[in-house]
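# Descriptive analysis of the structure
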Amino acid sequence: MKICALQLGTLPMSDSRLDYYLRLAKEGGAGVVVLGEYVLNSFFTELAKMPKSMIKEQSEQKRASLSNLARKYDLTIIAPIVQIKGKETRKLLAKFAPESVKYKEQNALMPYSHWNERAFFAHEDAPSVMSFSAGGFKFAAIFGFEAHFDAFWEIIRAKKIDCVLVPTACALDSGERWAELLKMRAFTNNVYILRANRLGKAKFEGVATEFYGRSFLASPHGEITNALDEKEGMLICDLDKKLLAEARATWKFREINSNLNIQI
């Protein structure tokens, strides 16, 4: 099957750009589309200064739009979204499908002084992974920061996932590090990984920083096979059952991992 990453900055309230790209994704044969972090909502450093009522309005408008567009184009769309519920602000992964909307909360949040999501968002520390099936493949979706932690990959292995969707918001000259991290995760788990990174600018502690895009598909052999540059655009990729089977038969990582009896 074909899947698609949309590489965008924070979207305006109008649906026109999102409608345009989702129409192209459908025409290109994609069944699943993933958006980067802070594309439906303003970036984190801006959210921290916004009234909750404004954040809620932004999120509700985008939730309604994505629900309608998933039905219009018969697509499954994975997109991070911020939720205001009572006094709590939560960061969620949403799965917009033609028949329903489902959510998964981000469990691992960044605690850094220049980007302290952990202090801003309410959260649960127990790791969880969104999963679903489409086109004969098993998908999982996790946030970019969660990709650093083995607990999430243990769940992914247990669910026998074929492709992991990873929305990110990466800047600060981290491009090579992210490529190596996700290539390694794709290789050691023999899965596809589709990473969708955002575009745009933000200020960290008064310093202007640019998000660099470079969304890509990593193969089950741990190789980047498709990638975008640093401009707005879309990446449509093929998933191949034969390649998955070949990688798993060659490296046998899943088989070996299931036989390990680790004692501490």
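Position labels on residues start from 1 in each chain and follow its written sequence. Only residues with pLDDT of at least 70 get local features here, since the model is predicted, and only at 80 or more are side-chain atom pairs given and counted; chain-wide, interface and lining totals rely on the full set of residues. To obtain the side-chain values, all non-hydrogen atoms of the structure were included, while hydrogens and water were left out.

### Notes on the packing of aromatic side chains
Heads up, the rule is: Pairing of aromatic rings covers Phe, Tyr and Trp, the last through its six-membered ring, and needs centres within 6.5 Å; plane angles under 30 degrees mean stacked, over 60 mean edge-to-face, and all others mean tilted. In this text, helices come from DSSP runs of H or I with a minimum length of four residues, and strands from runs of E with a minimum of two, each type numbered from the N-terminal end. Partly exposed residues are those whose accessible area sits between 20% and 50% of the maximum for their type, while under 20% is buried and over 50% is exposed, using a 1.4 Å probe and protein chains only.
Within this structure, the stated rule accounts for 15 aromatic pairs. With a centroid separation of 5.1 Å and 80° between ring planes, the pair formed by F43 and W115 is classed as edge-to-face. Here the residue F43 occupies a position in the loop between β2 (30-35) and α2 (44-47), and W115 occupies one in strand β7 (residues 115-116), the gap between them amounting to 72 residues. W115 matches F43 in its accessibility class, with the two residues each being buried. Through pairs of rings, three or more aromatic residues link up here, namely Y38, F43, W115, F204 and F211.

### A look at the side chain of S67
Applied cut-off: Any pair of residues with heavy atoms lying within 4.5 Å of one another is described as a contacting pair.
Structurally, the position occupied by S67 is in helix α3 (residues 52-73). Among the residues examined, S67 registers a relative accessible area of 8% and is labelled buried. What S67 contacts, discounting residues up to four positions off in sequence, is F96 and V101.

### Topic: the pairing of strand β13 (residues 207-212)
Defined as follows: Paired strands, in this sense, are two strands between which DSSP finds at least two bridges.
Relative to β13, strand β12 (residues 199-204) is paired through six bridges, and the arrangement is antiparallel. By the bridge assignment for β13, F204 is matched with V207. The hairpin turn running from β12 into β13, its antiparallel successor, is two residues long, and E205 in that turn takes a positive phi close to 50°.

### Side note on the pairing of strand β9 (residues 137-141)
Applied cut-off: Note on handedness: a clockwise path from strand one over the helix to strand two, with the strands aimed away from the viewer, defines a right-handed crossover.
Among the five residues of β9, four are classified as buried, and the element is accordingly described as predominantly covered. Where strand β8 (residues 130-134) lies against β9, five bridges are found, and the strand directions are antiparallel. For A134, the partnering residue across the bridge sits in β9 and is F137. Here β9 runs beside strand β10 (residues 163-168); their pairing, made up of three bridges, is parallel. Bridge pairing in β10 links F139 to C163. In this region the chain leaves β9, passes through helix α5 (residues 150-158) and returns to the parallel neighbour β10; the handedness of that crossover is right-handed.

### So, the pattern of salt bridges
The following threshold applies: Think of a salt bridge as a Lys or Arg side-chain nitrogen and an Asp or Glu carboxyl oxygen that are within 4 Å of each other.
Taken as a whole and judged by the stated rule, the model has 16 salt bridges. A salt bridge links K2 to D238; the nearest nitrogen and oxygen atoms lie 2.8 Å apart. With a gap of 236 residues between them, K2 in strand β1 (residues 2-7) and D238 in strand β16 (residues 233-238) connect regions that are remote in the sequence. Under the relative-accessibility criterion, K2 is labelled partly exposed at 28%. Residue D238 is classed as partly exposed on the basis of its relative accessible area, which comes to 47%. With a closest N to O distance of 3.2 Å, K183 and E180 form a salt bridge.

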